[in-house]
Amino acid sequence: MDKKRGLLNIAVSIVFKIIVLVMSLLARRFLIKYTGDQVNGLNSLYVSIIGFLAVAELGVGSAITFCMYKPIVNGENDKVSALYHLFTKLYLLIGAFILVAGCIIIPLLPYLIADYQNVNQNVYLTFFLMLVSVVLGYLFSSKTSLINAYKNNYITTTIHSLGMVLQYGLQMVVLICTQSFVWYLVCHIIAVAVQWSATELVARLKHKAIIKNKQKVDGDTKKQVTQNVKAMFMHKIGGVLVNTADSIIISAFIGALILGKYTNYTLIMTAMTGVLTLFFSPLTSVIGHMCVAEDTEKVKKYFNFFHTFNFIIGIIFFLGYYAVIDNVVTIWLSGEDRLLPKTISFIITLNYFIQFMRQAALLFRDATGTFYNDRWKPLFEGLLNVALSIGFVYLFGLFDEDFAVVGVIVATIITNLTICHVVEPRVLFKYAFGAKAKNYYLKNYIYVAVFAAALVGLNFAMVDYSGSQWIALLINGSIAVGIAVLVGLVVVLLDRDFKHYFGILFGRIKQKLHKNK
C-alpha cells in the first residue's frame, strides 16, 4: 500500500475538515441570529431536496475512480483519457437534469413545509439560488475525479476546503451587513465558481496530456462503465431515500421549526462523522491500487484491521458527542431554548454510530468494485426507510410532537441493521475475498451491542451540573472518554489482526524517530 500518499491525503483532509467545521458552525450561528430558526430549517430542507435530486449523479464519481485505477497502474494513458472524456459528458448531462428537475419542484415547495404560512421568505427564489450553486459543481466534477484517481485527493480537498472557507466567510459578512438569506445563498455560488477556476487550473497543469488527448472508450470498457454506473445508481437511490428523506419527512409532517432544531444537532454530528470518515475515504484510491497488486488474503487482513479501527474511533467520538452535545448547542447558539429532548439526542447518536460502522465495508466495496453485486440492496433499503419513517412519524407522534422525530430516526436504525449491515459485508466477502462473512457478522453486531450498552451506561454516569456549560462539557466529556478508552482497550487486546498491524505501524514510527535522533 502507498502509505505515504494515503497518510498525506488523510492528514490534509482532517486539517481542512476541522477548519471548515469551525467556519460552518460560525456561519450557522450567524444565519440563526440574523434570520431566525425557520430560515435555518428552510436552508436544511433545500439541502435535503437537492440531495434527493442528486440521485441523478448515478454514483458516477465512484465509478470513475474505480474504472481508472487499473489503466493508471498499467500506464494506459489513452484509456484514462477516453474515460475522462466520457465522464465529462456524463456530468454535463447530469447537471442539466438536476437543473430541470429542480425547476419542476419549485412550485411544489409550499407543500413540503408544514408551517409554510409562517415562513417570511421567497422560497422560490432562494431555492433556485441554491440549485444553481449545486449545478455549477458538476461542470468541473470530472476533473476532480481525474485528480483523485491519481491518488492526489489532498489537492482537491485543499481546493474544496478553501472554497468553503471563502463561502462561510462571505456569508457571515453578508449576514452582518444585510441580514439577507438571498445574499447568503449568492455567496455559495461565488465560492463554487472560485473552486471551479482552481480545479480547472490544477487539472490542466498536472494532466494536460490526458485532457487534450481526445480518445473514445472501447466496447468492453464502455460495458464495464455502464455496469458500474448502473450499480452506483441503485446505491445512490438508497442513500438519498435514507439520508435526505428524514429531513423532508420532518419538514412536511412536523414543520420547518423543529427541523431547524434537529439539524443543529445533526450538523455537528455530520461534521464530526465527516472528519472521522476522512480516516477512510482518502484511502479508497490507495486501497484500489493495492487490490490490483496484492493477494486477496492480505487485503482481507487489512479489512479486518480497518473494521476494528472503525469501532475504536467510533466509540470514542460518538460517546463524546452524546456527553457534550447539549452543552455545545447551548454555548454555540447562546441559549437553551434550541435544545432537543435527551431522548432524541440519544437516538441520533445511536443511529449515526450504526451508520458509521459501515465505513470499513464501504471503503473496501468502492476500492474493490463490488458495488455492482449488491445493486438492488439500496432500493429496498430506501423504500423500507421511507415507509417506516412515515408510519412511525404518525405512531410516535401520538405521544408528543418532538417524539415523532424519534420515530423517523428509529426507522433508519431498523433499516441499517436489517439490510445494510447484512447485505454489504456478505457481498464484499463473497466477491472480493472469496469467503463467508459469518465471523464478521458476529463481531460487527457485538460491536453495535457494546456501543449501545456503553451509551446507556454513559447516560446514567453523566453529571447534571447546573453551573458553567464549559465545566459541564469538560466533566461529562471526560467521563465519556474514560468509558470509551476502557472499552477500546479491551477490544484491542482481543483482536489479533489489529494488534498485528498496529504493532507494524508502531514499529515503523519508532524506527523513523530513532533515525532522526
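Residues numbered from 1 in each chain as written. Predicted model: local features only at pLDDT ≥ 70, side-chain atom pairs only at ≥ 80, totals over all residues. Heavy atoms only, no water.

(A) Seen up close, the overall build of the protein chain. Looking only at helices and strands, one finds 21 helices and 0 strands in the protein chain. Relative to its full complement of 517 residues, the protein chain shows a buried share of 55%. Element-wise, carbon and sulfur atoms account for 66% of the exposed surface of the protein chain, whose accessible area totals about 22700 Å². (Helix = DSSP H or I, 4+ residues; strand = E, 2+ residues; numbered from the N terminus. Buried < 20%, exposed > 50% of the residue type's maximum accessible area, 1.4 Å probe, protein only. Areas by Shrake-Rupley, 256 points an atom, 1.4 Å probe, with all protein chains shown as cover.)

(B) Expanded view of helix 20 (residues 469–494). Look at helix 20: 38 Å from first C-alpha to last across 26 residues, which is about the 38 Å you get at 1.5 Å a residue. Taken together, the buried positions of helix 20 are A472, N476, G477, A480, A484, V487, G488 and V491. The backbone nitrogen of W470 has a side-chain oxygen 3.2 Å away, supplied by the residue at the start of helix 20, namely S468. (Expected span 1.5 Å × (residues − 1). Polar contact = N/O pair within 3.5 Å; in protein donor to acceptor, adjacent residues only side chain to side chain.)

(C) View of the environment of G369. Inspection of the secondary structure assignment puts G369 in the loop between helix 16 (359–368) and helix 17 (377–397). Taking the C-alpha atoms as reference points, G369 and A432, 63 residues apart in sequence, are found 8.4 Å from one another.

(D) Fine view of the nonpolar core. Ranked by size, the top nonpolar core spans 114 residues in total, and within it F303, F311, F318, L319, I348 and F364 carry the most contacts. Ranked by residue count, the leading element in this core is helix 14 (residues 296–333), at 20 residues. Beyond its immediate chain neighbours, meaning those up to four positions away, L319 contacts G314, F451, A454, L455, L458, A480, I483 and A484. Counting residues in hydrophobic clusters, the runner-up holds 20 residues, among them L83, I147, I155 and I210. (Core = buried A, V, L, I, M, F, W, Y, C linked by side-chain atoms within 4.5 Å. Contact = heavy atoms within 4.5 Å.)

(E) Fine view of unusual backbone geometry. Not every positive phi belongs to a glycine, and Q179 is a case in point at roughly 55°. With respect to the element layout, Q179 can be found in the loop between helix 7 (153–178) and helix 8 (181–206). With relative accessibility at 38%, the residue Q179 sits in the partly exposed group.

(F) Fine view of the packing of helix 4 (residues 77–105) against helix 5 (residues 123–137). Two elements in contact, helix 4 and helix 5, have axes whose closest approach is 10 Å; the angle formed by their N-to-C orientations is 170°. It follows from the interaxial angle that helix 4 and helix 5 lie roughly antiparallel. Residues G95, I98, L99, G102 and C103 of helix 4 touch helix 5, and the partners they reach there are F127, F128, L131 and V135. A breakdown of the residues in the contact of helix 4 with helix 5 according to their chemical character gives 7 nonpolar, 2 polar and no charged. (Axes fitted to C-alpha atoms, helices over the stretch in contact; angles between N-to-C directions. Parallel < 35°, antiparallel > 145°, perpendicular 65-115°, else oblique. Nonpolar A, V, L, I, M, F, W, Y, C, P; charged D, E, K, R; others polar.)

(G) Seen up close, the packing of helix 2 (residues 37–53) against helix 8. At a closest axis distance of 12 Å, the pairing of helix 2 and helix 8 adopts a crossing angle of 35°. Where helix 2 crosses over helix 8, the handedness of that crossing is right-handed. When helix 2 is examined against helix 8, the residues V39, L42, N43 and Y46 are found in contact with a partner set consisting of F181, Y184 and L185. In terms of residue class, the contact of helix 2 with helix 8 is made up of 6 nonpolar, 1 polar and no charged. (Left-handed = near helix turned anticlockwise from the far one by under 90°.)

(H) Spatial organisation of the packing of aromatic side chains. The final tally for this structure, using the stated rule, is 21 aromatic pairs. With a centroid separation of 6.2 Å and an interplanar angle of 5°, the aromatic rings of F305 and F309 are classed as stacked. Separated by 4 residues within a single helix, F305 and F309 lie in helix 14, roughly one turn from each other. Neither residue differs from the other here; F305 and F309 are each classed as buried. Between the aromatic rings of Y440 and Y441, the centroid separation amounts to 6.4 Å while the plane-to-plane angle is 65°, which identifies the pairing as edge-to-face. For Y440, a relative accessible area of 6% puts it in the buried group. An aromatic cluster is built from F303, F305, F306, F309, F364, F429, Y440 and Y441, whose rings are joined through pairwise contacts. (Phe/Tyr/Trp six-rings, centres within 6.5 Å; stacked < 30°, edge-to-face > 60°.)

(I) Main features of helix 11 (residues 245–253). With 7 of its 9 residues buried, helix 11 lies for the most part within the structure. Taken together, the buried positions of helix 11 are A245, D246, S247, I248, I249, I250 and S251. Note on helix 11: the residue one or two positions beyond its end, G255, has a positive phi of about 140°.

(J) Looking closely at the pattern of salt bridges. Scanning the model with the defined rule gives 4 salt bridges in all. For E200, the salt bridge is made with K143, and the minimal N-O distance between the two is 3.4 Å. Taken together, the residues span a long stretch of sequence, with E200 in helix 8 and K143 in helix 6 (residues 141–149) at a distance of 57 residues. According to the relative accessible area criterion, K143 is buried, its value standing at 7%. Judged by its relative accessible area of 19%, E200 falls in the buried class. One network of salt bridges, in which partners are shared, links K143, E200 and R204. (Salt bridge = Lys/Arg side-chain N within 4 Å of Asp/Glu carboxyl O.)

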